[in-house]
Amino acid sequence: MVWTGTWVAERLGVELIGDEALPALLGLALRRNPKRAHLLVSSVLGKHVPQRPSVVYGSGLDLGRRVRDLLGEAEAARAVVLGYAETATALGHAVADGLGPAPYLHSTRRPVPGVARAGGFEESHSHATSHLLLPEDPALLAGDGPLVLVDDEFSTGNTVLNTVRALHERYPRERYVVVALVDMRGPADRDRLTAFAAEIGARVDLVTLAAGTVRLPAGVLEKGRELVARYEGGRSTGDGTTTGAAPDAPGAQPGTGPGLVRAAGAGRIGAGGDGAGPAGTASGPAAPEVVRVALDWPAGVPDGGRHGFTPEHRVRLEAALPAMAARIAEALPAPAPTAPGTARTEGTGARVLVLGFEELMYAPLRLATALEDAGHDVRSSTTTRSPVLAVDDPGYAIRTRLVFPAHDDPADGPGERYAYNVAGAGFDAVVVVVDSAADTPRLHAPDGLLARLAAHIPRVVLAVVPSYVPATAPARPSAPALPSVPARTAAPERSSMLPEPLRGPAFSSYAPEEVGWLLQDLSDVELEAPTEEREEAIQSGGAHYAESLPVEYQPSARYQDLFHSALEASAARIARAVGTVTETVLAERAGRPVLVSLARAGTPVGVLMRRWAGARHGLDLPHYAVSIVRGRGIDANALRWLATHHDPADVVFVDGWTGKGAITRELAAALADFPGFEPEIAVLADPGSCVRTYGTREDFLIPSACLNSTVSGLISRTVLRSDLVGPDDFHGAKFYRELAGADVSGLFLDAVAARFDEVAEDVGTDVKELLTTDRTPTWEGWAAVERISEEYGIHDVNLVKPGVGETTRVLLRRVPWKILAKRGAGDDLAHVRLLAEQRGVPVEEVDELPYTCVGLIHPQYTRGATGADGKAVTSR
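Residues numbered from 1 in each chain as written. Predicted model: local features only at pLDDT ≥ 70, side-chain atom pairs only at ≥ 80, totals over all residues. Heavy atoms only, no water.

Comments concerning the overall build of the protein chain
Now for step 1: Each helix and strand in the protein chain was counted, giving 22 helices and 35 strands.
Now for step 2: Taking all 876 residues of the protein chain together, the buried fraction comes to 61%.
Now for step 3: Approximately 31,700 Å² of the protein chain is accessible, and the part contributed by carbon and sulfur atoms is 52%. (Helix = DSSP H or I, 4+ residues; strand = E, 2+ residues; numbered from the N terminus. Buried < 20%, exposed > 50% of the residue type's maximum accessible area, 1.4 Å probe, protein only. Areas by Shrake-Rupley, 256 points an atom, 1.4 Å probe, with all protein chains shown as cover.)

Pasting the structure below:
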């Protein structure tokens, strides 16, 4: 049997070194990726590669039993299992089943209103990074028994380090067990985990099916780029040649159907269906046959581990599985005839694929195991967000790719989704299992998943599992999870313990009426660290960016001149955007809005919006500034204070600009715990198309982005560190009183406000147009960031900072790698070019950039990284 890594190995010289079991567990594929030519593809995970459900489920059960043997019966009975979204949700669940009476929870990227977050963390090298923990019972993670963390592949250990660090601060325990199908770490990564375990004073064990590493020859990146360019630029045909069509283009190879990336001749397409041609061909799509099956899912049993899954749930599900499988079997066709000389795999029914949906992997897998137990010929796999190149060769792991739009209203906006190795695999039927939240019109649309499948598989069966809606769990004294905000008539818990807002001149150089800071003053705490040390700690997983502060940048005389000239040139443009966003808010919010800026970039904008409302309408709008931290959410105590003193429905969150929309998504996820607040942000500029309320969607220079505290009331970026911020505290920040001589905060505000009158007429025109325009976010910026992350080999969207404002932050606070500048960009980039020159950072002119510029943080930074091209980056 051909190893599914052969195609890549022969062309690139890539080798898997390690346990003999590795080739049976892993294949190889390619992504468009200048820094990493190969992609490891699991053959037993049930994600990208359809596999027998007994193999997929059995792999997890085996790992769970090994964990039980490692811990012993007593400790196993106290354990909790945590799996990672999206790929390891079913694997983690199977480990919990094998472990025994352990409750199970998996992380999620789907915010759920009304469910308090028990934590969250970042996955450094994923295309979708932010993980939420949303247990129905907040006490689930609060025990001190062993925590078992399950992922499909243990590559660098960064994700595990981030998870354990985040959880250990709130739920300290003595023992962790890390479980993965394969351990592909290098020696330095192993040493780092050992040192981390010693640092927190806990034991960390590792259980895997196999271990090894990947050996890469010289020149592998260049060869990989050539291969990807060749196969993405054309389409394979039966004779091995390529057409000129792009992989997903209309007018692709006849007979492949819409949305399919494949080569003809790989297997039967639509075999057994009306109008099907001989093996390896298709005479055109027949009328799709989509059958909906009523599962009769047991009431009260969750659809998976998103909100927790208990041993009692497991018992009830096991009892119901045979009957649900029997209902599905009634909708399956009889076995289709095979082509002459083609052997059919053993099994008593049609060749069936059970296809799960992103995080929803366990329920489809268990339905598939029940069908297999009943004698059906079954495979199991799942749709995914991850884009991978398809090449139709037996020695390549991803042979076909179906492309379809997201159909579950994802929090991070619309985008493409994929199903691999489904078309052309000879299936007579596919059972699509989704939860009810994903059973939307987009699922049934002409370009939706069901239609894509029906173009290649004779029968499509749809089984919908009810999305579990947890009851609001009561707050428990032992659990530090934060309760939801009740109605305004009942004061939120702990609100009486919260202080009043800080105001100038005691805290900030703004006038006291301009803004109240819902922060605590950490001015006397030494929080600054050299930029290089911060970057290394952040990227290694050793620290979160909000745990320290960068050293304040002191602008040169030349740079200060640039700020003043930029302010003079853009003040009217900014005033127009301020007026437009303020008037839009006033038109769409009844009563008197309460402006709540996201500190600190949003604070100058909030002050300007307040000034506009006062100057044009005589309104005295309340204005506060609160902290929000990527990966850790908004300051919950600040929200409690706001809910006590104002109607949450009146609150309008304000920020300076959008980049890729990470903070927009962070806010929406955080506010799921606090009903009554609108999870939207009003911004001055929305170049990423991430919000509905904005002054402009142009990416231009906002002078307040040019500087740090000296244009933001002398306030630092906010700080969230467990030894400084307790459960009853606001997040912290510093007031740099010593920089008063360089402060231009008031100058900036006054210069913009002085232009209000001259732009008033234009603002009126802009607002009338906006109020009749479809302002639905398109998330174009996020898509561009994902593309740039892959094209430049960064593999971490958090290191790609789009837009003039974010690029400036990269140059002022982080370790920049390079700057991408839109070809022909003019004065908006003068300060960026100057900063890049001063820091020795290359500026690369590019075409078709949706932003004026994009800042790239140095990927995999260590202080051994000496070249802007990354070639001297220390391998970790």
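Considering unusual backbone geometry
Only a minority of non-glycine residues have a phi that is not negative, and only a minority of peptide bonds are not trans.
Now for step 1: The amide bond that connects Gly504 to the next residue, Pro505, takes the cis arrangement and shows omega of 0°.
Now for step 2: Omega for the peptide link from Ala599 to Arg600 comes to 0°, which places this bond in the cis form.
Now for step 3: As for its placement among the helices and strands, Arg600 is situated in the loop between strand E25 (594-599) and helix H15 (602-617).
Now for step 4: Positive phi is not limited to glycine here, since Ser508 has a value of about 95°.
Now for step 5: Phi at Trp779 takes a positive value of approximately 60°, unusual for a residue other than glycine.
Now for step 6: A relative accessible area of 9% means that Trp779 is categorised as buried.

Section: the sheet that holds strand E34 (residues 843-846)
Now for step 1: Taken together, 4 strands build an open sheet; the order of strands is E32-E35-E33-E34 and the sheet is mixed. Looking at strand neighbours, the two that pair on one side only are strand E32 (800-802) and E34, the edges of this open sheet. Across the sheet, the mean angle from the axis of one strand to that of its neighbour is 20°, orientation sign disregarded.
Now for step 2: Bridge count between strand E33 (residues 816-822) and strand E35 (residues 853-857): 5 bridges; the pairing is antiparallel. Considered in E35, the bridge of Lys818 is made with Leu856.
Now for step 3: Set on the sheet, helix H20 (residues 780-791) makes contact with E32, E33 and E35; between it and E32 the angle comes to about 140°. (Pairing = 2+ DSSP bridges. Axes fitted to C-alpha atoms, helices over the stretch in contact; angles between N-to-C directions. Contact = heavy atoms within 4.5 Å.)

Section: the pattern of salt bridges
Now for step 1: Enumeration according to the criterion identifies 42 salt bridges in this entry.
Now for step 2: We note a salt bridge from Asp189 to Arg192, for which the minimum N-O separation is 3.1 Å. Placement of the pair is Asp189 and Arg192 together in helix H7 (residues 187-200), with a separation of 3 residues, close to one helical turn. Summarising the burial analysis for this pair, Asp189 and Arg192 share the class buried.
Now for step 3: Ionic pairing is found between Arg611 and Asp750, a salt bridge with its closest N-O pair at 2.9 Å. Residue Arg611 is found in helix H15, and its partner Asp750 is found in helix H18 (residues 745-753); the two are separated by 139 residues along the sequence.
Now for step 4: When salt bridges with common partners are traced through the structure, they connect Arg52, Glu372, Asp377 and Arg379 into a single cluster. (Salt bridge = Lys/Arg side-chain N within 4 Å of Asp/Glu carboxyl O.)

Quick word on the packing of aromatic side chains
Now for step 1: Counted according to the given criterion, the structure contains 9 aromatic pairs.
Now for step 2: Seen in terms of ring centroids, Trp7 and Tyr396 are 5.2 Å apart; in terms of plane orientation they differ by 80°. Their pairing is edge-to-face. Within this pair, whereas Trp7 is found in helix H1 (residues 6-12), its partner Tyr396 is found in the loop between strand E16 (377-383) and strand E17 (401-405), the two being separated by 389 residues in sequence. Accessibility assignment for this pair places Trp7 and Tyr396 in one class, buried.
Now for step 3: Both rings, one in Tyr624 and one in Trp641, keep their centres 5.2 Å apart while their planes meet at 65°; by these two values the pair is edge-to-face. (Phe/Tyr/Trp six-rings, centres within 6.5 Å; stacked < 30°, edge-to-face > 60°.)

Remarks on H7
Now for step 1: In this model, H7 (14 residues) spans 20 Å end to end at C-alpha, consistent with the 20 Å of a helix rising 1.5 Å per residue.
Now for step 2: Those residues of H7 lying buried are Asp189, Arg192, Leu193, Phe196, Ala197 and Ile200. The arc that holds the buried residues of H7, viewed along the axis, is 135°, so those residues lie on one side. Opposite the packed face of H7, turned more than 90 degrees from it, sit the exposed residues Pro187, Asp191, Thr194 and Ala198.
Now for step 3: Those residues of H7 that are buried lie in contact with strand E8 (147-154), helix H6 (158-170), strand E9 (175-183) and strand E10 (203-215).
Now for step 4: Backbone geometry just after H7 places Gly201 at a positive phi near 70°. (Expected span 1.5 Å × (residues − 1). Arc of directions from axis to C-beta.)

A look at the confidence of the model for the protein chain
Low pLDDT means the predicted coordinates in that region are not meant to be read closely.
Now for step 1: Taken residue by residue, the protein chain gives an average pLDDT of 81. The fraction at 70 or more is 81%.
Now for step 2: The low-confidence segment residues 472-496, where pLDDT is below 50, has 55 contacts with residues more than four positions distant or belonging to other chains.
Now for step 3: Ignoring residues within four places in sequence, the model shows residues 862-876, a span with pLDDT below 50, making 31 contacts including any to other chains. (pLDDT = per-residue confidence, 0-100.)

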